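# Observations on chain architecture
This is what each chain is made of:
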Amino acid sequence: LIARDGIAYVIGGRRGGRTAVRLGGKDDAIDNVIWSESGGSYVPSPVFHEGHLYWINDKGIASCVDAKTGKEVNTKRIRGSFYASIVLIGDKLYAVSRFEGTYVLKATPEFEQIALNKLSDDSDFSGSPAVSDGELFIRSDESLYCIAAE
């Protein structure tokens with residue numbers, strides 16, 4: 001769920017749909033639906049950037065959707081399985097895959113890959129990363145890592 005400018009963007013669930021709902025309504029929520037489409041993400045959550053919603057589903061399909069219409073702008077296959085939600089830092093998306101490493105992508109519909117960073121930890125990275133004070137926290141099922149600029 002992402003709330004922005006009075007709209008809640010709900011993405012996910014077993015069927016993987018996506019819906020935008022106007023917040024603050026007094027009647028049935030159905031009356032406040034702006035758009036509703038099939039195709040979403042079962043596990044990872046999206047981020048909002050410059051009028052688009054971005055996510056990578058658990059099967060490694062990166063999606064970019066127009067937030068105003070709900071229509072798909074682009075999809076791209078990213079190698080790996082993803083349970084962690086992507087994070088947006090500046091104009092870059094950081095996508096932590098379970099076993100392939102962390103993809104750094106431009107936050108544009110083309111998902112241009114900037115880097116693939118892999119730690120020497122072969123365990124499962126299923127947790128979503130966290131960002132605080134310029135530091136990126138990534139955890140596996142065995143360790144917690146803090147990555148920061150010098």
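Conventions used here
- Residues numbered from 1 in each chain as written.
- Predicted model: local features only at pLDDT ≥ 70, side-chain atom pairs only at ≥ 80, totals over all residues.
- Heavy atoms only, no water.
- Pairing = 2+ DSSP bridges.
- Helix = DSSP H or I, 4+ residues; strand = E, 2+ residues; numbered from the N terminus.
- Axes fitted to C-alpha atoms, helices over the stretch in contact; angles between N-to-C directions.
- pLDDT = per-residue confidence, 0-100.

Another point: the sheet that holds strand 14 (residues 135-139). The antiparallel open sheet is built from three strands, whose spatial order is 13-14-15. Sheet topology places strand 13 (130-132) and strand 15 (144-148) at the edges, where each strand pairs with a single neighbour. The average angle at which neighbouring strand axes cross in this sheet is 25°, direction not considered. Both strand 13 and strand 14 contribute to a ladder of three bridges, which runs antiparallel.

Confidence in the prediction of the chain, expressed as mean pLDDT, is 93, and 99% of residues score 70 or more. Taken element by element, the predicted model of the chain shows its lowest mean pLDDT in strand 2 (residues 7-12) (92) and its highest in strand 11 (residues 102-106) (98).

Here we take up the environment of Glu 142. Locating Glu 142 in the fold gives a position in the loop between strand 14 and strand 15. For the pair Glu 142 and Asp 124, spaced 18 residues apart in sequence, the C-alpha to C-alpha distance is 7.9 Å.

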